[in-house]
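Reading the structure
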Amino acid sequence: MIKSFEFGFDNFLLEIDISFVGEHEFDTGGLKMKLNESIPREEKKAKVVIVGGGWAGISAAVAASQAGAEVIIIERTDMLLGTGLVGGVVITNGRWTAVKEAIAMGLGDIFSAINQAATHKNINFPGHERVTLYSGIKIEPIIKTMLENKGIQVQLQSRVKDVEMDGGKIVAVVTDKGNRIIGDVFIDATGSTGPYGNCHKYGNGCAMCVLRCHSFGVRISLAAKAGVQEYCVKHDSQVGTMSGSCKIFKESLSKEIRNKLNEIGVVMIPIPEKLRQNHQNFVKQGLLHLASGFADNIILLDTDQAKLTMPYYPLSMLRQIPGMENARFEDPYAGGIGNSIRYLAMSPRDNTLHVEGVDNLFCAGEKVGPMVGHVEAIVTGGLAGTNAVRKVLGMKLVIIPESLAIGDIIAYVNEQVKTPDGRGKVYTFAVSVYFDRMKEKGLYLTDVDAINARVEQAEMQNIFATRL
């Protein structure tokens, strides 16, 4: 694009900057000229630096890229998705509504990618309906390909250890290897789990989970490095919450269980009477599995791993359950004694997901507050991504209206964590406190046309997919 032009007379040369739009007059002292400029102003391409390559970071990257930004994801380990590698329950109950909202708002490419890795759709198990599961084995390469197709740069095995500040702004992040990555705006998607010192302090020790802190270094919070005072979940004397499920090698289960998992996606195995009391004690430790079927059964889900819907379960007990005599944990590797502790490092923020106290920092996923689940991470990532670009361009930031489930949970959690009781709970579209609220407020819809109409009425259509 032409930025200037020159003209001259005698020995005088005049250069005029025309990087503007509109009609302008110039008086050169004897030569008056009028310029009707139609050449557009040079686009400012925001550089968005996202620290953390889980579902939140990926969604933030997609939204920022779709808004027209240059985007880089910096991920500590050698794979994307973090705990999403061993999750796999993407849709259930109120998440069905939230996913349809998110698609209407412009995050459809993410859910199309997830569908490519789906193992089962529209299955039910106690307390959960319209469930979609994805393969924890197949999902990561599919997501990586999607990011590559969007031109999003991914830097793996790159742990951010520090930030460079200029007053209240982050100028750059610095990695363990000494690389300095400059950006206009930053998104903290580092999560709230661990590191292993906290799993020892607040849990049952390091259970060797998929986060692999010992191998790739511990999680470091971008917000904390920038001087933000973070907070944690605290319920009575318990700090943080143990992750809610384990994975078992399918090959270690009986052929009957494997076949049933492959065929219908869910297996319920009655607990022998001699184990029932101890089993029920473990069920009570989970915050999410409140439905009656969990008290008397082991429930397994097929995510190409056998997902055990319990935080942990003693191997000596597990192997007394018919068909599980050879059971062996895949994640965490020591799932017989414990699991990772999460919700230990969340950022104070507003409902645009701007982090308080740092001019150019946004947060997503578990950094937003004690919100459980992949969909919860994806929708907060989308908002952080689009608002990061808007911040750089000097545009008004988006607050999603509370007439939508996504907007309501973001606002509601932000209110609740300001109270001692609210800070002791976790929130999800799937079950418990927030799903009850969705139903009470009429936010839980299963009619796609009605959801799309509500998104349109809120003026949020394609808000995450609009080039700015």
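Conventions used here
- Residues numbered from 1 in each chain as written.
- Predicted model: local features only at pLDDT ≥ 70, side-chain atom pairs only at ≥ 80, totals over all residues.
- Heavy atoms only, no water.
- Core = buried A, V, L, I, M, F, W, Y, C linked by side-chain atoms within 4.5 Å.
- Buried < 20%, exposed > 50% of the residue type's maximum accessible area, 1.4 Å probe, protein only.
- Helix = DSSP H or I, 4+ residues; strand = E, 2+ residues; numbered from the N terminus.
- Salt bridge = Lys/Arg side-chain N within 4 Å of Asp/Glu carboxyl O.
- Pairing = 2+ DSSP bridges.
- Disulfide = S-S within 2.5 Å.
- Axes fitted to C-alpha atoms, helices over the stretch in contact; angles between N-to-C directions.
- Left-handed = near helix turned anticlockwise from the far one by under 90°.
- Contact = heavy atoms within 4.5 Å.
- Nonpolar A, V, L, I, M, F, W, Y, C, P; charged D, E, K, R; others polar.
- Arc of directions from axis to C-beta.
- Lys, Arg positive; Asp, Glu negative; His and termini not counted.
- Parallel < 35°, antiparallel > 145°, perpendicular 65-115°, else oblique.

A word on the nonpolar core. Here is a general trend for soluble globular proteins: nonpolar side chains tend to be buried in one another's company. Counting 108 residues, the largest nonpolar core has Val-48, Trp-55, Val-173, Ile-400 and Phe-429 as its most contacted members. Considering every element that reaches this core, the biggest residue donor is helix H2 (residues 94-116), with 11 residues. Core analysis: the next-biggest nonpolar cluster, separate from the first, contains 38 residues, Cys-246, Leu-253, Phe-282 and Met-324 among them.

Inspection of every chain in the model, using the stated rule, returns 17 salt bridges. Measuring nitrogen to oxygen at the nearest pair gives 2.9 Å for the salt bridge that ties Asp-78 to Arg-212. On the criterion of sequence distance, the pair formed by Asp-78 in the loop between strand E6 (70-74) and strand E7 (89-91) and Arg-212 in the loop between helix H4 (196-202) and helix H5 (213-216) is long-range, its members being 134 residues apart. By relative accessible area, Asp-78 is classed as partly exposed at 31%. According to the relative accessible area criterion, Arg-212 is partly exposed, its value standing at 23%. Asp-421 is paired through a salt bridge with Lys-425; the nearest N and O atoms lie 3.2 Å apart. Among the residues examined, Asp-421 registers a relative accessible area of 53% and is labelled exposed. A residue is classified by how much of its surface remains accessible, and Lys-425, at 29% relative accessible area, is partly exposed. In the salt-bridge network here, residues are joined through shared partners; they are Asp-188, Glu-230 and Lys-367.

Pairing analysis gives four bridges linking strand E8 (residues 118-125) to strand E9 (residues 128-134), with the strands arranged antiparallel. Paired with Ala-118 across the two strands is Tyr-134, which belongs to E9. In this antiparallel pair of consecutive strands, E8 and E9, the connection spans two residues, and Gly-127 shows a positive phi of 80°.

This next bit is on the state of the cysteines. Summed over all chains, the structure comprises zero disulfides. Free of any disulfide, Cys-213 has its nearest neighbouring cysteine sulfur in Cys-209, separated by 5.9 Å.

Right, let's get into the packing of H2 against helix H3 (residues 139-149). Relative to each other, H2 and H3 sit at 145°, their axes nearing to 9 Å. Between H2 and H3 lies a crossing whose hand is right-handed. In contact with Asp-109, Ile-110, Ala-113, Ile-114 and Gln-116 of H2, H3 contributes Ile-139, Ile-142, Ile-143 and Met-146. Of the residues contributing to the contact of H2 with H3, the split by class is seven nonpolar, one polar and one charged.

All of the buried residues along helix H8 (residues 276-283) are His-279, Phe-282 and Val-283. One side of H8 holds all its buried residues, which, seen down the axis, span an arc of 105°. The elements touched by buried residues of H8 are helix H9 (293-296), strand E20 (297-302) and helix H10 (315-318).

We now examine the side chain of Arg-390. Take Arg-390: it is sitting in helix H11 (residues 374-393). Of the side chains bearing the opposite charge, Glu-459 lies closest to the buried Arg-390, which forms no salt bridge; the N-O distance is 11 Å. Setting aside residues no more than four positions away along its own chain, Arg-390 makes contact with Met-395, Lys-396, Leu-397, Val-398, Ile-463 and Leu-468.

For the rest of this paragraph, the subject is the packing of helix H1 (residues 55-66) against H2. Across the interface, H1 lies against H2 with an axial gap of 9 Å and an inter-helix angle of 135°. Taken together, the axis directions place H1 and H2 in an arrangement best described as oblique. Considering only the axes of H1 and H2, their crossing is right-handed. Side by side, H1 and H2 meet where Trp-55, Ser-59, Val-62 and Gln-66 of the first sit next to Gly-106, Leu-107, Asp-109, Ile-110 and Ile-114 of the second. In terms of residue class, the contact of H1 with H2 is made up of five nonpolar, three polar and one charged.

Note that every value here comes from positions in space, so none of it alone points to a role or purpose.
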